[in-house]
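Observations on the model geometry
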Amino acid sequence: MRPHTRPLMTLLLALLALSGCVSAPPPGRPPPTSHDSPRRWHTSCFRFHRDAQQRPVWALDLLLADRMLAPALEVYRADIPLWRVHRRAADDDAGHQFSVLLYTSDATYGEITQFFDRSPALRALQDNGRLRKVMHGCRAAQSTAAIEATSDQAWDPAIQRTWPWFIMGVSASWLALIRDLETQSPLVETSLIDGYAGIDRRIGELWAGQGQHAYLHHLSGIYGYRPLRIQTWMQY
């Protein structure tokens, strides 16, 4: 066994546990909560300034995912049956925004927001002017107990109810890839943004060069290799 195999397996098993894949409940019926209050969707949004050329600095998403979100998931994994991330950088008021969506109780979400706010990574981005705004509870309209609340309402109801498990797996895989690449080339604490920018470039290369087989082909296989109708060319 190669020296790095055991740490890597430990990392992957931990993230599988975080994503609920080890003992996933039937779709639409989350496992019972350890808190008395019911679970519902909660979202924290983190908005960033663009660089001097008005381009989004995507590395900032990775930095918060690895240094702020991952530790929180490790602490609160038993109380978060569903979670995911959302990334966007449109030319509007929200601009470059990294969002964390958590299906948990109000009490747990309150503790997690405090955990986020105490994060050294978040505070460093606030201090150096990279972070424009932090908003906890930023999607109040979707803050309901319905599993499908954050799904696209144009989808079939069955997909709306089950999609949260799919996107959680994707989010967990993305986070695991960030952490795996970091173990291969440990980051320098004094230049974290540059380090995560390098990881982001590598992820882009892997997505462009191997995503068709590693992700799309195997996703197609899960659905029996049936034809997929592409209705609109979409790039964000």
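Higher on the page you've got the structure.
Below you will find a few notes about this structure. Not measured: the values here are computed from a predicted model.

Time to look at the environment of Asp66. With respect to the helices and strands, Asp66 occurs in helix α2 (residues 59-76). With 116 residues separating them along the chain, Asp66 and Glu182 place their C-alpha atoms 9.6 Å apart. Those residues in contact with Asp66, other than ones at most four positions away along the chain, are Pro71, Leu175, Ile178, Arg179, Glu182 and Tyr196.

Right, let's get into the nonpolar core. Counting residues in hydrophobic clusters, the biggest one holds 50 residues, and the most contacted among them are Phe46, Leu64, Trp83, Phe98 and Tyr196. At the level of secondary structure, the elements contributing two or more residues to this core comprise β1 (39-48), α2, β2 (82-89), β3 (96-105), α3 (106-117), α4 (120-127), α5 (157-184) and α6 (192-222). It is α2 that provides the largest number of residues to this core, a total of 12 residues.

For the rest of this paragraph, the subject is the sheet that holds β3. Pairing is antiparallel in the open sheet, where 4 strands are placed in the order β2-β3-β1-β4. Edge positions in the sheet fall to β2 and β4 (131-136), since each of these pairs with one other strand and no more. Ignoring strand direction, the axes of neighbouring strands in this sheet form an average angle of 15 degrees. By the bridge criterion, 5 bridges tie β1 to β4 in an arrangement that is antiparallel. Its bridge partner being in β4, Cys45 is matched across the sheet by Met135.

Cut-off values and rules
Residues numbered from 1 in each chain as written. Predicted model: local features only at pLDDT ≥ 70, side-chain atom pairs only at ≥ 80, totals over all residues. Heavy atoms only, no water. Helix = DSSP H or I, 4+ residues; strand = E, 2+ residues; numbered from the N terminus. Contact = heavy atoms within 4.5 Å. Core = buried A, V, L, I, M, F, W, Y, C linked by side-chain atoms within 4.5 Å. Buried < 20%, exposed > 50% of the residue type's maximum accessible area, 1.4 Å probe, protein only. Pairing = 2+ DSSP bridges. Axes fitted to C-alpha atoms, helices over the stretch in contact; angles between N-to-C directions.

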